[in-house]
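This is what each chain is made of:
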Amino acid sequence: MTTTETTLKTSLPPEDAKTRVSQFMQTLQDEICAGLETLDGKGKFKEDSWQREEGGGGRSRVLTDGNIFEQGGVNFSEVWGNNLPPSILQQRPEAEGHSFYATGTSMVLHPKNPYIPTVHLNYRYFEAGPVWWFGGGADLTPYYPFAEDAHHFHSTFKKACDQHHPEYYPVFKRWCDEYFYLKHRDETRGIGGLFFDYQDGTDPIYRGPHNAQDAAVYSRSLPPQNLRTWEELFAFVQDCGRSFLPAYVPIAQKRQHTEYGDRQRNFQLYRRGRYVEFNLVYDRGTIFGLQTNGRTESILMSLPPLVRWEYGYKPEPNTPEAELYEVFLKPQNWADWSNK
């Protein structure tokens, strides 16, 4: 598809698109930080503002040694420049030759208690000449998983999706399972959630690189989709962003007083190693940040403060650790789960 064809087939952003998205991303950062401080009851986010020499900057906020969170970071950034990173051009070559603008909010929380899941969120917006898109999502990485927690997390985001499009959740849930996947381990990072990228309103809904996998196959099976406008996609991203606290806080509240010992803590630290491996090898946000000369401390705030690796580890049969591997690291239809 040529750049002209892309322009004709997409809804053009409003003139104040960058300002509106930037303001929302900062507001989302504020709302999430306030909600997490209330949840933790002790920890406070410390802000570190930064500027990017080539254009732009951001606000990094990190909470450490709280009641609930061992470490958590919630970042806002907006950057612009003339040279597009290779990670963008590889997927969207029609953006070449244009200056770019990108803004977003990202978050990773590493709780102390192994019974509280690690969680990740990221929502972003990108423009390069006539090319634009929204991306993002949220996913849950439990160590000692509970089906009712997985159901709550997924059903909360499904509700947000269903308010905007009946096929968003079916496509973006599958996309999440495929994206947060460690190929070298042959396992998912956690129990998923939502993931979407390159959403400019055009058909098909799935716009990723893996055309033979489930998300793409499902998306192609749908009838032709009507053009979705910039305003519709922005409204969808706002609702998804504001679904995070209702999706996660009740889980953390429910599990925060569960007693644990060295066995559970050591398993948590071992599984955190998978988080490090994914973020350093596969994560697009990490790659984009490093390729655009972003602030390294902010880019790598997603890594846990403590982690361990163990050669040849295998969980003992019939243990909660084994159940994580055998059940919860296999994609499930969590939104429709019922304990009845």
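Residues numbered from 1 in each chain as written. Predicted model: local features only at pLDDT ≥ 70, side-chain atom pairs only at ≥ 80, totals over all residues. Heavy atoms only, no water.

**Side note on the overall build of the protein**
Reasoning step 1: Within the protein, the regular secondary structure consists of 12 helices and 9 strands.
Reasoning step 2: Whereas a compact globule of 340 residues would reach a radius of gyration of roughly 20 Å, the protein reaches 20 Å, a difference of no more than 12%.
Reasoning step 3: The principal-axis extent of the C-alpha atoms belonging to the protein is close to 60 × 45 × 35 Å.
Reasoning step 4: Classification of the 340 residues of the protein by burial places 56% in the buried group.
Reasoning step 5: As displayed, the protein has an accessible area near 15200 Å², and 49% of this comes from carbon and sulfur atoms.
Reasoning step 6: Within the protein, one finds 36 positive and 44 negative side-chain charges whose respective centroids are separated by 3 Å. (Helix = DSSP H or I, 4+ residues; strand = E, 2+ residues; numbered from the N terminus. Rg over C-alpha atoms; globule rule 2.2 N^0.38 Å. Buried < 20%, exposed > 50% of the residue type's maximum accessible area, 1.4 Å probe, protein only. Areas by Shrake-Rupley, 256 points an atom, 1.4 Å probe, with all protein chains shown as cover. Lys, Arg positive; Asp, Glu negative; His and termini not counted. Charge placed at Lys NZ, Arg CZ, Asp CG, Glu CD.)

**So, helix α6 (residues 214-221)**
Reasoning step 1: A215, A216 and S219 are the residues of α6 that are buried. Here the buried residues of α6 occupy an arc of 95 degrees about the axis, which is enough to place them on one side.
Reasoning step 2: Tucked into the core, α6 has its buried residues touching α5 (168-179). (Arc of directions from axis to C-beta. Contact = heavy atoms within 4.5 Å.)

**Quick notes on the pairing of strand β5 (residues 118-128)**
One face of the sheet, then the other: side chains in a regular strand alternate in exactly this way.
Reasoning step 1: Most of β5 is tucked away: 10 of the 11 residues are buried.
Reasoning step 2: In this sheet, β5 lies alongside strand β4 (residues 100-111) in antiparallel orientation, the contact comprising 9 bridges. Bridge pairing in β5 places G104 opposite R124.
Reasoning step 3: In this antiparallel pair of consecutive strands, β4 and β5, the connection spans 6 residues.
Reasoning step 4: Bridge count between β5 and strand β6 (residues 131-141): 11 bridges; the pairing is antiparallel. Pairing of T118 across the sheet is with T141, part of β6. (Pairing = 2+ DSSP bridges.)

**Some thoughts on the pattern of salt bridges**
Reasoning step 1: A full pass over the atoms with the stated rule returns 25 salt bridges.
Reasoning step 2: D139 is the salt-bridge partner of R189, the closest N and O atoms lying 3.0 Å from each other. Of the two residues, R189 is situated in the loop between β8 (187-188) and β9 (192-199) and D139 in strand β6; the sequence distance between them amounts to 50 residues.
Reasoning step 3: Residue D139 is classed as buried on the basis of its relative accessible area of 1%. (Salt bridge = Lys/Arg side-chain N within 4 Å of Asp/Glu carboxyl O.)

**A word on unusual backbone geometry**
Reasoning step 1: Each neighbour pair has its own omega, and for D203 with P204 the value is 5 degrees, a cis peptide bond.
Reasoning step 2: Its identity is not glycine, yet D186 carries a phi of approximately 55 degrees, on the positive side.
Reasoning step 3: Structurally, D186 is set in the loop between β7 (181-182) and β8.
Reasoning step 4: Judged by relative accessible area, which is 56%, D186 ranks as exposed.
Reasoning step 5: Despite not being glycine, Y198 has its phi angle at roughly 55 degrees, a positive value.
Reasoning step 6: You can see Y198 is positioned in strand β9.

**With respect to the pairing of β9**
Reasoning step 1: Most of β9 sits out of view: 8 of its 8 residues are buried.
Reasoning step 2: Sheet analysis places β6 next to β9, joined by 6 bridges and oriented antiparallel. Pairing of L140 across the sheet is with G192, part of β9.

**Notes on the side chain of E321**
Reasoning step 1: Position of E321 among the secondary structure elements: in helix α12 (residues 320-328).
Reasoning step 2: Of the polar contacts made by the side chain of E321, one reaches the side chain of Y144; its length is 2.5 Å.
Reasoning step 3: When neighbours within four sequence positions are excluded, E321 is seen to be in contact with Y144, R263, F267, Y313 and P315. (Polar contact = N/O pair within 3.5 Å; in protein donor to acceptor, adjacent residues only side chain to side chain.)

**Concerning the packing of helix α2 (residues 17-40) against helix α7 (residues 230-241)**
Reasoning step 1: Where α2 contacts α7, the axes come no closer than 11 Å and their chain directions differ by 10 degrees. Judged on the interaxial angle alone, α7 and α2 are roughly parallel. Side by side, α2 and α7 meet where A17, R20, V21, F24 and L28 of the first sit next to W230, E231, F234, V237, Q238 and G241 of the second.
Reasoning step 2: In terms of residue class, the contact of α2 with α7 is built from 7 nonpolar, 2 polar and 2 charged. (Axes fitted to C-alpha atoms, helices over the stretch in contact; angles between N-to-C directions. Parallel < 35°, antiparallel > 145°, perpendicular 65-115°, else oblique. Nonpolar A, V, L, I, M, F, W, Y, C, P; charged D, E, K, R; others polar.)

**Quick look at the packing of aromatic side chains**
Reasoning step 1: Applying the stated criterion across every chain yields a total of 34 aromatic pairs.
Reasoning step 2: On the basis of an interplanar angle of 40 degrees and a centroid distance of 5.0 Å, the ring pair of Y115 and Y144 is categorised as tilted. Of the two residues, Y115 is situated in the loop between β4 and β5 and Y144 in the loop between β6 and α4 (147-162); the sequence distance between them amounts to 29 residues. Across the pair, Y144 and Y115 agree in class, each one buried.
Reasoning step 3: Taking the centre distance of 5.3 Å and the plane angle of 40 degrees together, the rings of F180 and F278 count as tilted. Pair noted here: F180 is in the loop between α5 and β7 and F278 is in helix α9 (residues 262-281), with a separation of 98 residues, a long-range link.
Reasoning step 4: In this structure F278 comes out as buried when scored by relative accessible area, which is 0%.
Reasoning step 5: By the ring-pair criterion, three or more aromatic residues cluster together here, those being Y123, Y168, F172, W175, Y179, F180, F195, F196, Y206, F236, F278 and Y282.
Reasoning step 6: R255 extends its terminal NZ or CZ atom over the ring of F146, reaching a point 3.6 Å from the ring centre. (Phe/Tyr/Trp six-rings, centres within 6.5 Å; stacked < 30°, edge-to-face > 60°. Lys NZ or Arg CZ within 6 Å of the ring centre and 35° of its normal.)

Geometric values such as these leave the question of function open.
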